[in-house]
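Residue-level listing of the chains:
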Amino acid sequence: MTFLSSLDDPSAAATASASDLSSLAFQTAEPGEGQRWSTWPATTPSERGPMPRPDWLVTSAAAIDTELGVVKTGKEGDVFLIERAIPDAAAEVAGNRVVLAAKRYRSNEHSDFHRSAIYTEGRGLRRTRDVRAVAKGTSFGRSVARVQWASAEFEALCRLTELGAAVPYPVQVGQTEVLMEFIGDGRVAAPRLAQVRATPEELRDLFHQVVEFMQVLAANGLAHGDLSPYNLLVHHGRVVAIDLPQVVDLVSNPQGLDLLHRDCVNVCDWFTRQRLECDAEELFGELVAVIW
């Protein structure tokens, strides 16, 4: 490694700073099976989450990413658990160790996400070569589409984080992988709303949180587009929305209002089945009023 080779030269060793020398302890560790060096240093500023960054974020180049297994499988990709940690550093100190969720998009032939055209209306690719490849469904086009979906989710997470919406903090994006805050305790993911059994009072609070999330989006001309009790997590009473690559612009996407209406129906249908009175048409009207 660079530091070790420089210390072979006495003159180089004499000029090494104390901080460089202290980092040598970390560099004696090498990634093992199921591990890699942290990918954070290889990302550009545009591939990293928005400022201010949370204090738990591990940004050291000495950190190692360790695969901990699959959290869930989805229509367009799978979510893995990743521990990013600085070897031998105190785990209780913020910025030394954290568990993250890594969403990795599958190729189209292994994906069930066949409705993508509904969500991508109004979006564009910068290069005409990419547009043609995606349209033709070539192998190159499929790889472009995977990167496009990962970028779309990362951008949506960044924007919604800046708007104060309840979503996981987006750590970074690289090709077809989006690294984000893991919502859960230890290595156990928070339950989906569909799995929650709550009292009438708790249900009302959960419903109001979901409506508040939808209002934040609507006030900024957006809709989730695929909202349901299966992509809303409940962590210690707090609702957090996930699965956001299809977030639609209600102005540029001609299907935008239809998708917003479907979100309202999906949400209200579930809460109604839990015996909480709510009306999808009334909710839709309220959100449209927020938009305009």
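Right above here is the structure, for reference.
Let us look at the structure shown here. (Residues numbered from 1 in each chain as written. Predicted model: local features only at pLDDT ≥ 70, side-chain atom pairs only at ≥ 80, totals over all residues. Heavy atoms only, no water.)

Moving on, we come to a negative patch on the surface. Taken together, the side chains of E277, D279, E281, E282 and E286 present a region of like negative charge at the surface. Checked against the element boundaries, D279 lands in the loop between α9 (256–273) and α10 (280–291). The class for D279 is partly exposed, based on a relative accessible area of 40%. (Patch = residues over 30% accessible without salt bridge, like charges linked within 9 Å, V, L, I, M, F, W, Y side chains within 5 Å. Areas by Shrake-Rupley, 256 points an atom, 1.4 Å probe, with all protein chains shown as cover. Salt bridge = Lys/Arg side-chain N within 4 Å of Asp/Glu carboxyl O. Lys, Arg positive; Asp, Glu negative; His and termini not counted. Charge placed at Lys NZ, Arg CZ, Asp CG, Glu CD. Helix = DSSP H or I, 4+ residues; strand = E, 2+ residues; numbered from the N terminus. Buried < 20%, exposed > 50% of the residue type's maximum accessible area, 1.4 Å probe, protein only.)

This part takes up the side chain of N253. Here N253 lies in the loop between β12 (248–249) and α9. A distance of 2.7 Å separates a polar atom in the side chain of N253 from the backbone nitrogen of Q255. (Polar contact = N/O pair within 3.5 Å; in protein donor to acceptor, adjacent residues only side chain to side chain.)

F213, M214 and F271 are the most contacted members of the largest nonpolar core, which has 54 residues in total. With nine residues, the top contributor of residues to this core is helix α8 (residues 200–219). In contact with M214, other than residues within four places in its own chain, are L227, L260, D263, C264, V267, L283 and L287. Listed in part, the 15 residues of the second largest apolar core include W40, A89, V98 and L100. (Core = buried A, V, L, I, M, F, W, Y, C linked by side-chain atoms within 4.5 Å. Contact = heavy atoms within 4.5 Å.)

To continue, consider the packing of α8 against α10. As a packed pair, α8 and α10 sit with axes 8 Å apart at the nearest point and diverge in direction by 35°. The crossing of α8 and α10 is right-handed. For the pair α8 and α10, the contacting residues are V211, M214, Q215, A218 and A219 in the first and L283, L287, V290 and I291 in the second. Residues belonging to the contact of α8 with α10 are distributed by class as follows: eight nonpolar, one polar and no charged. (Axes fitted to C-alpha atoms, helices over the stretch in contact; angles between N-to-C directions. Left-handed = near helix turned anticlockwise from the far one by under 90°. Nonpolar A, V, L, I, M, F, W, Y, C, P; charged D, E, K, R; others polar.)

All right, on to α10 then. In this model, α10 (twelve residues) spans 16 Å end to end at C-alpha, consistent with the 16 Å of a helix rising 1.5 Å per residue. Inspection of α10 places A280, L283, F284, L287 and I291 among the buried residues, and these make up the whole buried set. When α10 is viewed along its axis, its buried side chains cluster within an angular range of 100° and face the same direction. In this structure, α10 carries E282 and A289 as exposed residues pointing more than 90 degrees from its buried face. Contacts from the buried residues of α10 go to α8 and α9. (Expected span 1.5 Å × (residues − 1). Arc of directions from axis to C-beta.)

A separate point is the pairing of strand β10 (residues 232–235). Sheet topology note: the β10/strand β11 (residues 238–241) ladder contains four bridges and is antiparallel. Within β11, the position partnered with H235 by the bridge is R238. (Pairing = 2+ DSSP bridges.)

Honestly, that's just the spatial picture; any functional story needs more than this.
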